[in-house]
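Architecture at a glance
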Amino acid sequence: MNPSVIPTLRIGFIGSGFIARFHLQALTGVRNVVVAGVYSPRAGRRESFAALAGSLDLGPCEAFDSLEAMLASGAIDAVWITTPNHTRLATMRAIHAAVKAGRAPLRAVACEKPLARTLREAREMLALAEDAGLLHGYLENQLFSTAVQRGRDIIWRRAVPATGRPYLARAAEEHAGPHEPWFWQGDKQGGGVLSDMMCHSVEVGRFLLTAPDEPRDALKLVSVNATVANLKWTRPAYAAKLAAAMPGVDYINRPAEDFARGILTFAGPDGETAMVEATTSWAYVGPGLRITLELLGPEYAMEFSSLNTGLKVFLSRAVEGDAGEDLVEKQNAEQGLMPVLDDEAGIYGYTLENRYFVDCFRRGVMPFETFHDGVAVVEMLMALYRSSELGRTVELPDPALEDYVPVVARG
């Protein structure tokens with residue numbers, strides 16, 4: 001690990017899809033950084049990504065034709081892993097091999113959520129990063145949402161000292177379904193909506209319930225209880241629609257859940273009980289992606305909804321145009337009264353997230369949100385899946401989670 005400060009962090013992106021482009025948008029609000037390279041298997045997409053980075057004045061960005069070439073180029077200080085879930089462990093193994101062999105002068109690696117599909121995979125991701133001597137960051141954007149950062153600061157600074165710790169965090173994330181086929185395929189993604197979206201909810205809930213000066217593992221997971229269901233996308237008409245839009249997706253014979261709800265119970269530092277109540281869905285049809293958060297304590301409450309925006313537009317039936325997502329992510333309508341997210345990257349947390357990780361990696365400092373937290377999130381997810389499969393509460397620690405694979409992810 002190189003602790004020296006470098007003036008500008010040179011990032012290489014592994015992956016060039018939807019989430020990688022969200023990071024590009026966010027990085028326009030970050031200083032002391034360049035996006036120096038990108039690798040993804042499809043030449044057209046990586047070249048388009050490199051061109052976009054250049055147009056945003058984040059480059060010059062080179063589109064590499066192999067991961068090994070990018071790692072060995074000498075032009076990259078840190079990599080952001082934004083590839084599909086089923087490729088992340090192989091990607092981390094390649095990074096580890098290149099660093100250990102002296103072919104990749106990296107100082108840091110950051111990985112999108114979730115860290116892995118299973119607890120065993122997540123533990124290997126962490127072990128590989130540590131064995132390579134790399135700084136590592138777990139990219140959970142909701143922790144860095146402007147509302148979360150501001151609300152958490154107020155609650156813990158003003159309310160908690162007077163009345164006591166918060167005891168319940170509620171987190172929900174809902175939209176009408178993911179962009180790419182692999183998200184819908186349990187073996188590739190690792191599950192369904194629980195894996196895809198509850199990874200956000202459980203971690204932001206844990207974050208809100210943890211004091212700013214406490215270590216990230218201050219709360220100890222005691223038990224979980226979960227339910228999963230298919231509410232919309234297994235209906236024949238919608239399964240057919242999904243199959244037509246997403247090649248290789250068969251929700252009649254190989255569905256993954258489109259609804260999940262979980263209750264997680266934690267023990268605080270002094271033994272007090274704290275709970276996270278999480279709900280996620282791919283069956284929500286509203287203006288677009290909706291994130292709702294609440295934090296409750298003895299004499300206070302905090303709440304946030306991403307669709308309760310200050311900016312709204314109304315478009316009558318006379319206003320016609322192509323479908324898109326120019327007002328809000330996962331947009332479902334083009335007419336009527338629509339909320340507009342005037343800074344999605346900031347509201348969702350991507351700008352502050354990237355600003356924080358760039359600063360840590362540039363200074364040679366380990367972030368507060370690391371692959372250790374990515375492992376903790378996967379353990380929570382596996383416990384929730386196991387609870388839903390068994391139809392009962394799962395107590396922690398549970399050795400069975402080490403090799404557990406969710407039902408929808410089994411071959």
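The structure this text deals with has already been given above.
Residues numbered from 1 in each chain as written. Predicted model: local features only at pLDDT ≥ 70, side-chain atom pairs only at ≥ 80, totals over all residues. Heavy atoms only, no water.

Let's talk about the overall build of the protein chain
How we decide: Strands here are runs of E lasting at least two residues and helices are runs of H or I lasting at least four, both read from the DSSP assignment and numbered beginning at the N terminus. Computation of the radius of gyration draws on C-alpha atoms alone. For the globule rule, the value is 2.2 Å times the number of residues to the power 0.38. A 1.4 Å probe rolled over the protein chains alone gives each residue an accessible area, and that area as a share of the maximum for its type sets the label: buried under 20%, exposed over 50%, partly exposed in between. In this analysis, two residues are considered to be in contact whenever any of their non-hydrogen atoms come within 4.5 Å of each other. In these tables, accessible area is a Shrake-Rupley quantity obtained with a 1.4 Å probe, and a residue counts as shielded only by the protein chains included in the view. Only four residue types enter the charge count: Lys and Arg as positive, Asp and Glu as negative, with His and the chain ends excluded. Each charge is placed at NZ for Lys, CZ for Arg, CG for Asp and CD for Glu.
In terms of regular secondary structure, the protein chain is built from twelve helices and 15 strands. Since a compact globule built from 411 residues should have a radius of gyration of about 22 Å, the 21 Å found for the protein chain is in line with a globular shape. Dimensions along the principal axes, computed over C-alpha positions, put the protein chain at roughly 60 × 50 × 45 Å. Relative to its 411 residues, the protein chain shows a buried fraction of 55%. Counting contacts in the protein chain only where the partners sit at least 6 residues apart, residues at least 24 apart contribute 77% of the total. Looking at the protein chain as shown, the accessible area adds up to about 16,800 Å², and 53% of this sits on carbon and sulfur atoms. Averaging the locations of the 40 positively and 50 negatively charged side chains of the protein chain gives two centres separated by 1 Å.

Some points on helix α4 (residues 88–100)
This is how it is decided: How far a helix is expected to stretch is found by multiplying one less than its residue total by 1.5 Å.
For α4, which comprises 13 residues, the first-to-last C-alpha distance of 18 Å matches the rise-based estimate of 18 Å (1.5 Å per residue) to within 8%. Listed as buried for α4 are Arg-88, Leu-89, Thr-91, Met-92, Ile-95, His-96, Ala-98 and Val-99. Check the buried side of α4 and you find it contacts β1 (9–14), α3 (67–71), β4 (78–81), β5 (108–112), α5 (119–131) and α12 (371–390). One or two residues past the end of α4 sits Gly-102, with phi positive at roughly 80°.

Examining the sheet that holds strand β10 (residues 273–281)
This is how the line gets drawn: Only strands joined by at least two bridges in the DSSP assignment are considered to pair. To obtain an axis, a line is fitted to C-alpha atoms, over the contacting stretch when the element is a helix, and the angle between two such axes runs from 0 to 180 degrees between their N-to-C directions.
Strands sit in the order β12-β11-β7-β10-β9-β8-β15 across an open sheet of seven strands; the sheet is mixed. Of all the strands in the sheet, the pair left with one neighbour each is β12 (300–305) and β15 (394–395). In this structure, strand β9 (residues 259–267) lies alongside β10, joined through nine bridges in antiparallel fashion. Note that in β10 the partner of Arg-261 across the bridge is Thr-279. The strands that helix α6 (residues 146–163) touches are β11 (290–297) and β12; relative to β12, the one it contacts most, it runs at about 175°.

Some details on the packing of aromatic side chains
Operational definition: Pairing of aromatic rings covers Phe, Tyr and Trp, the last through its six-membered ring, and needs centres within 6.5 Å; plane angles under 30 degrees mean stacked, over 60 mean edge-to-face, and all others mean tilted. Only Lys NZ and Arg CZ are tested; either one counts as a charge over a ring when it is within 6 Å of the ring centre and within 35 degrees of the ring normal.
Inspection of the entire model under this criterion finds 17 aromatic pairs. Residues Phe-144 and Phe-368 carry aromatic rings whose centres are separated by 5.7 Å and whose planes lie at 40° to one another, so their mutual orientation is tilted. Of the two residues, Phe-144 is situated in the loop between β6 (135–139) and α6 and Phe-368 in the loop between α11 (350–363) and α12; the sequence distance between them amounts to 224 residues. Joined through ring pairs, the aromatic side chains of Trp-80, Phe-144, Phe-207, Tyr-356, Phe-357, Phe-361 and Phe-368 make up one cluster. Taking the ring centre of Phe-207 as reference, the NZ or CZ of Arg-152 above it sits at 3.7 Å.

Some remarks on the nonpolar core
Generally speaking, soluble globular proteins have nonpolar side chains that are buried together. Quick note on the threshold: Each nonpolar core is a collection of buried residues, namely Ala, Val, Leu, Ile, Met, Phe, Trp, Tyr and Cys, held together in the definition by side-chain atoms within 4.5 Å.
Ranked by internal contacts, the top residues of the largest apolar core, which has 128 residues, are Trp-80, Met-92, Ile-95 and Phe-361. Sequence-distant contacts of Met-92, defined by excluding residues within four places in its chain, comprise Ile-81, Val-109, Met-125, Leu-128, Ala-129, Leu-134 and Phe-371.

Notes on the pairing of β11
Side chains Ile-291, Leu-293, Leu-295 and Gly-297 of β11 all project onto a buried face; the interleaved residues Arg-290, Thr-292, Glu-294 and Leu-296 project onto a face where none is buried. As judged from the six bridges shared by β11 and β12, these two strands associate in the antiparallel manner. Note that in β12 the partner of Leu-295 across the bridge is Met-302. Where β11 folds back on β12, the antiparallel hairpin that results is connected by two residues.

Some words on helix α8 (residues 193–209)
Between its first and last C-alpha atoms α8 spans 23 Å; for 17 residues at 1.5 Å apiece the expected length is 24 Å, and the two agree. Burial within α8 is extensive, with 17 of its 17 residues counted as buried.

Topic: the packing of helix α1 (residues 18–27) against helix α2 (residues 43–55)
To keep things clear, this is the line we draw: Oblique is the label for any angle not under 35 degrees, not over 145, and not in the 65 to 115 range, which are roughly parallel, roughly antiparallel and roughly perpendicular in turn. Throughout this entry, Asp, Glu, Lys and Arg are counted as charged residues, while Ala, Val, Leu, Ile, Met, Phe, Trp, Tyr, Cys and Pro are counted as nonpolar. The remaining residues, Gly among them, count as polar.
At a closest axis distance of 11 Å, the pairing of α1 and α2 adopts a crossing angle of 10°. The orientation of α1 with respect to α2, classified from their angle, is roughly parallel. Contacts from Phe-18, Ala-20, Arg-21 and Leu-24 in α1 reach Arg-45, Ser-48, Phe-49, Leu-52 and Ala-53 in α2. Grouping the constituent residues of the contact of α1 with α2 by class yields six nonpolar, one polar and two charged.

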